[in-house]
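# Topology and contacts: notes
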2 protein chains.
Amino acid sequence: MEKPATIALTAVNLRTACTQCNLKELCLPVGLDDVDLERIDGLITARKKVKRQQHLYRAGEPFEAIYAIRTGFFKTDILTEDGRDQVTGFQMAGEILGLDGISTDRHVCNAVALEDSDVCMIPFERLEELSRRIEPLQRQFHKFMSREIVREQGIMMLLGSMRAEERLAAFLINLSQRMRLRGYSASEFHLRMTREEIGSYLGLKLETVSRAFSKFQDDGLISVHQKHIQILDAEGLRRLIGRANV
Amino acid sequence: MEKPATIALTAVNLRTACTQCNLKELCLPVGLDDVDLERIDGLITARKKVKRQQHLYRAGEPFEAIYAIRTGFFKTDILTEDGRDQVTGFQMAGEILGLDGISTDRHVCNAVALEDSDVCMIPFERLEELSRRIEPLQRQFHKFMSREIVREQGIMMLLGSMRAEERLAAFLINLSQRMRLRGYSASEFHLRMTREEIGSYLGLKLETVSRAFSKFQDDGLISVHQKHIQILDAEGLRRLIGRANV
DNA sequence: CGTGCCATTGAGGGTTCTCAAGACCCGTGG
DNA sequence: CCACGGGTCTTGAGAACCCTCAATGGCACG
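Residues numbered from 1 in each chain as written. Chains lettered and ligands numbered in written order. Predicted model: local features only at pLDDT ≥ 70, side-chain atom pairs only at ≥ 80, totals over all residues.

## What about the overall build of chain A?
Regarding its fold elements, chain A presents nine helices and nine strands. Relative to its length of 246 residues, chain A is compact, with a C-alpha radius of gyration of 20 Å against a globular reference of 18 Å. Seen through its C-alpha atoms, chain A measures out along the principal axes to roughly 55 × 50 × 35 Å. Burial analysis of chain A (246 residues in total) assigns 39% to the buried set. (Helix = DSSP H or I, 4+ residues; strand = E, 2+ residues; numbered from the N terminus. Rg over C-alpha atoms; globule rule 2.2 N^0.38 Å. Buried ≥ 20, exposed ≤ 12 C-beta atoms within 10 Å, placed from the backbone.)

Have a look at this one:
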């Protein structure tokens, strides 16, 4: 019996070691020396498991940390006092959650796990401190924030100038690319979110999303069975997006 | 004749002194000591005048600096290769331009002056360097980036869940608040942008914008004459936004 | 004082939403 | 094992909203 060894192994796994993380090329800057890498390993103070449908944080709560997703899938959404409710993003492994909280020291959106997930908690004070000492880390962090700005600009373009089918095509292409980046199949995957959540994200009603899925299937672009998606003609989807009516 | 004196004065004005800037409470963190303030005065290497309709930067150009607007008014927009064209924001004095360029080291949007403007150029390398040494500056910069993320989330909400009149009302209220913040009248102002640019920003066609303006006027909420706007019933406009159909 | 850009207004059509009914899926409990 | 129920998804019909196209009017600038 090797029980003790197994336990020790588990403990090591739970210890937060960015240098050991198989997602590190998504989170960490390249070209760090050993000293800096060791410092960065001290950046993550805690790992946190979040069960499906549970909140990682809620709008209004004090902002203290950002989170890097190790495994799992999240949505962020905003619920305004007048009853508007909108999904602002879907996040998967290797992506960062919570950057919007910096501006007011409070989270402005809710982060909800769409499947059982596992995140690294990065205390923000400590990140700022370390990024004052490690230039590549600072640079990387700024790029993350800027990338979030650019991502949102993309959604603004989508919401402001695309029709329903174009939006859904763009959504599928984007999801597919991100799956590929993380080593999953880009052509076949399982949607973690409902039609209503997709619709909320894309500024559409769930029926419209459903109809667009059916249309894509009739046109031979994809195959849909509930949440199971298979992309049959990625190029066709891309052509759909490219057709601006100008 | 006092020509030499005048020239000298001009030179002083063109010298970049954040500590002398009447917008400093918008740009600078509070509670800095004199040494830090002096350092920050060295942050701005150049002022730049941009004439109406001229570009401050273009999408694709190498990113080297961000810009703080001293006077004037800008729009940022994105033109995709498939012909989609969308205004992503309007910026006025005291606001920051160019944060989206950090992610790829190239500007992703165009910044165009909508009136003769005057900006402070902040070389990004130097800003990063200084913000490694001056903690409040680092904090302030991060807040600026985060605020941009939150601002864009607001637009996503607007584009994804509001109808035409709600969008325009939100736009007017937002503009009005920002005018007030900068010491201008919140109830009466001159629009620097065309109906088409407003429409592009709000995901609407220019005719729809025009009709909504007329409707607001008929309802006694505002008075419109071309680009001159007077807000007669801000509370009424706010009520319009608050009516989510849930 | 034209010329060109911008804004307004109207009529008709298209896309998406709303409302509604039914089908599918899956976990629960009989 | 099957029936049941709740959540989710699909599909249809009609309505609402916004867009498109088109004509006119106003303003600024040369």
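## Regarding the pairing of strand β9 (residues 228-231) of chain A
Residue and element names in this part refer to chain A. Here β9 shows a buried face lined by Ile229 and Ile231 and an unburied face lined by His228 and Gln230. Pairing geometry for strand β8 (residues 222-225) and β9, over four bridges, is antiparallel. Looking at β9, one finds that Ser223 is bridged to Gln230. Here β8 hands over to β9 after two residues, with Gln226 in that stretch at a positive phi of 55 degrees. (Pairing = 2+ DSSP bridges.)

## Some thoughts on the sheet that holds strand β8 (residues 222-225) of chain B
All names here are of chain B. The strand order across the open sheet formed by three strands is β7-β9-β8, and the pairing between neighbours is antiparallel. Looking at the sheet topology across the chains shown, the edges are occupied by β7 (188-190) and β8. Shown here is a sheet whose adjacent strand axes are inclined to one another by a mean of 15 degrees, direction ignored. Two strands pair when backbone bridges link them, and β7 and strand β9 (residues 228-231) are joined in this way by three bridges, in the antiparallel orientation. (Axes fitted to C-alpha atoms, helices over the stretch in contact; angles between N-to-C directions.)

## A short note on the sheet that holds β8(A)
All names here are of chain A. Taking strand neighbours across the sheet as the criterion, the three strands line up as β7-β9-β8 in an open arrangement whose pairing is antiparallel. The open sheet has two free edges, formed respectively by β7 (188-190) and β8, since each of these has just one partner strand. Along the sheet, successive strands turn relative to each other by an average axial angle of 15 degrees, direction set aside.

## Here we look at the protein's contact with DNA strand C
As a structural note, the neighbourhood of DNA strand C is formed by 20 residues, with A:Arg163, A:Ala164, A:Thr208, B:Thr194 and B:Ser214 the closest of them. Where the surface near DNA strand C is concerned, the elements lending two or more residues are α8 (206-218) of chain A together with α7 (195-202) and α8 (206-218) of chain B. Per-element accounting of the surface near DNA strand C gives the leading share, six residues, to α8(B). Counted by class, the surface near DNA strand C contains five nonpolar, seven polar and eight charged residues. (Near = placed C-beta within 6 Å. Nonpolar A, V, L, I, M, F, W, Y, C, P; charged D, E, K, R; others polar.)

## Observations regarding the relation of the copies chain B and chain A
Here chain B sits on chain A after a turn of 180 degrees about the axis and a move of 0.0 Å along it, with an RMSD of 0.0 Å. In symmetry terms, the pair is related by a two-fold rotation axis. Taking C-alpha positions as the reference, the residue of chain B nearest the rotation axis is B:Arg132, at 2.1 Å. The overlap is high: 100% of the interface residues of chain B also sit at the interface in chain A, so the same surface is used on both sides. (Least-squares fit on C-alpha atoms with pLDDT ≥ 70 in both. Contact = placed C-beta atoms within 7 Å.)

## Looking at the interface of chain B and chain A
Taken residue by residue, the interface counts 35 residues in chain B and 35 residues in chain A. Considering each element in turn, the side of chain B that touches chain A owes the most residues, 18 residues, to helix α5 (residues 135-161) of chain B. Residues that form the side of chain B that touches chain A fall into these classes: 13 nonpolar, 12 polar and 10 charged.

## Observations regarding the environment of B:Gly199
Residue and element names in this part refer to chain B. Among the structural elements, Gly199 can be located in helix α7. Between the alpha carbons of Gly199 and Ala164 there is a distance of 9.5 Å; along the sequence they are 35 residues apart. Not counting the four nearest positions on each side in its chain, Gly199 is found in contact with Leu204, Lys205, Leu206, Thr208 and Val209.

## Observations concerning helix α6 (residues 164-181) of chain B
Residue and element names in this part refer to chain B. For α6, built from 18 residues, the straight-helix expectation of 26 Å at 1.5 Å per residue is met to within 8% by its first-to-last C-alpha distance of 26 Å. Burial in α6 covers these residues: Glu165, Glu166, Arg167, Leu168, Ala169, Ala170, Phe171, Leu172, Leu175 and Ser176. For α6, the secondary structure elements touched by its buried residues are α5, α7, α8, β9 and α9 (234-242). Two residues or fewer after α6 comes Gly183, characterised by a positive phi angle close to 90 degrees. (Expected span 1.5 Å × (residues − 1).)

## Quick look at the UniProt feature "domain: HTH crp-type" (unreviewed entry) in chain A
On the UniProt side, "domain: HTH crp-type" (unreviewed entry) is annotated at positions that read residues 162-235 of chain A here. Regarding residues 162-235 of chain A, the helix share stands at 55% and the strand share at 15%, and the terminal C-alpha atoms are separated by 18 Å. (UniProt positions renumbered as here; feature names shortened; annotations may be inferred.)

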